[in-house]
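Residue-level structural notes
The lines below spell out each chain.
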Amino acid sequence: MPSSSDSFSLARAVEIATRAHEGQMDKAGLPYIRHPLRVMDSVTGEWPKMAAVLHDVIEDTEVTADDLRAAGCPERVVTAVLALSKRPGEPMEGYLRRAAADEIAIVVKHADIADNSGPDRMGRLDPATQDRLRAKYAKALSLLAEYRADQEKPKT
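Now for a look at the structure at hand. (Residues numbered from 1 in each chain as written. Predicted model: local features only at pLDDT ≥ 70, side-chain atom pairs only at ≥ 80, totals over all residues. Heavy atoms only, no water.)

**Re the overall build of the protein chain**
When helices and strands are counted, the protein chain shows 10 helices and 0 strands. The linear arrangement of helices and strands in the protein chain, starting from the amino end, is α-α-α-α-α-α-α-α-α-α. For the protein chain, whose C-alpha radius of gyration is 16 Å, the value lies close to the compact-globule estimate of 15 Å for 156 residues. For the protein chain, buried positions account for 45% of its 156 residues. For the protein chain, long-range pairs separated by at least 24 residues make up 61% of all intrachain contacts whose partners lie at least 6 apart in sequence. Side chains of the protein chain give 22 positive and 25 negative charges; the mean places of these two sets differ by 3 Å. (Helix = DSSP H or I, 4+ residues; strand = E, 2+ residues; numbered from the N terminus. Rg over C-alpha atoms; globule rule 2.2 N^0.38 Å. Buried < 20%, exposed > 50% of the residue type's maximum accessible area, 1.4 Å probe, protein only. Contact = heavy atoms within 4.5 Å. Lys, Arg positive; Asp, Glu negative; His and termini not counted. Charge placed at Lys NZ, Arg CZ, Asp CG, Glu CD.)

As structure tokens, then:
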């Protein structure tokens, strides 16, 4: 007998993300859902696409991991979304270390940063915000690379 996650589709993930982000605007004043949809379109594979479109729902909306599970979202996708979700008061290093340790989350995080730092999105922001975000994203990419390299070192 198939589990409920067998029937969970990418369309269902998009529906959940769209409903969760309804009314939210990005820093440029555009509907926020456009960002997770772009991130989703930039990754390959069903589970990475699901995680990409859902990557901000736990962090930025009322949706919880248990809500995703109750909707039938595969546990592997929920795990990746949790790895991508910054917890209240958590330093950037903490969630980036989690993202770097998860094979789906690290791909989605790279796509997320690429979208956030893209010329279309950055061009809508004032120069001071652009500078602040460029520095933040450069640090995030550096930390992801460092954490990933640490994880890939052979254990002796």
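Let us keep going from here.
**A closer look at the pattern of salt bridges**
When the charged atoms of two side chains lie near each other, side chains of opposite charge can form a pair. What the rule picks out here adds up to 13 salt bridges. Taking the shortest distance from any N to any O, the salt bridge between Glu15 and Arg19 comes out at 2.9 Å. Here the residue Glu15 and the residue Arg19 both occupy positions in helix α1 (residues 10–20), the gap between them amounting to 4 residues, near one helical turn. Look at Glu15 and you get partly exposed, because its relative accessible area is 38%. Between Arg69 and Glu75 there is a salt bridge whose closest N-O contact spans 2.7 Å. Classification of Glu75 as partly exposed rests on a relative accessible area of 41%. (Salt bridge = Lys/Arg side-chain N within 4 Å of Asp/Glu carboxyl O.)

**A look at the packing of helix α7 (residues 92–101) against helix α8 (residues 103–116)**
Closest axis-to-axis distance for the α7/α8 pair is 5 Å, and the angle between their directions is 115°. Of α8, the residues touching α7 (which contributes Tyr95, Leu96, Ala99, Ala100 and Ala101) are Glu103, Ala105, Ile106 and Lys109. (Axes fitted to C-alpha atoms, helices over the stretch in contact; angles between N-to-C directions.)

**Brief notes about the environment of Glu62**
With respect to the helices, strands and loops of the structure, Glu62 is situated in the loop between α4 (57–60) and α5 (65–70). Overall, the relative accessible area of 76% leaves Glu62 in the exposed class. Taking the C-alpha atoms as reference points, Glu62 and His21, 41 residues apart in sequence, are found 9.5 Å from one another.

**As for helix α6 (residues 75–84)**
Those residues of α6 not exposed but buried are Val77, Val78, Ala80, Val81, Ala83 and Leu84. Contacts made by the buried residues of α6 are with α3 (46–54), α4, α5, α7 and α8.

**Examining the nonpolar core**
The nonpolar side chains of a soluble globular protein tend to be buried with one another. Counting 45 residues, the largest nonpolar core has Leu54, Val57, Leu68 and Leu96 as the members making the most contacts within it. With sequence-adjacent residues up to four places away left out, Leu54 is seen in contact with Ala13, Ile16, Ala17, Leu68, Cys73, Val77 and Val81. (Core = buried A, V, L, I, M, F, W, Y, C linked by side-chain atoms within 4.5 Å.)

By themselves, these observations are geometric and do not establish any function.
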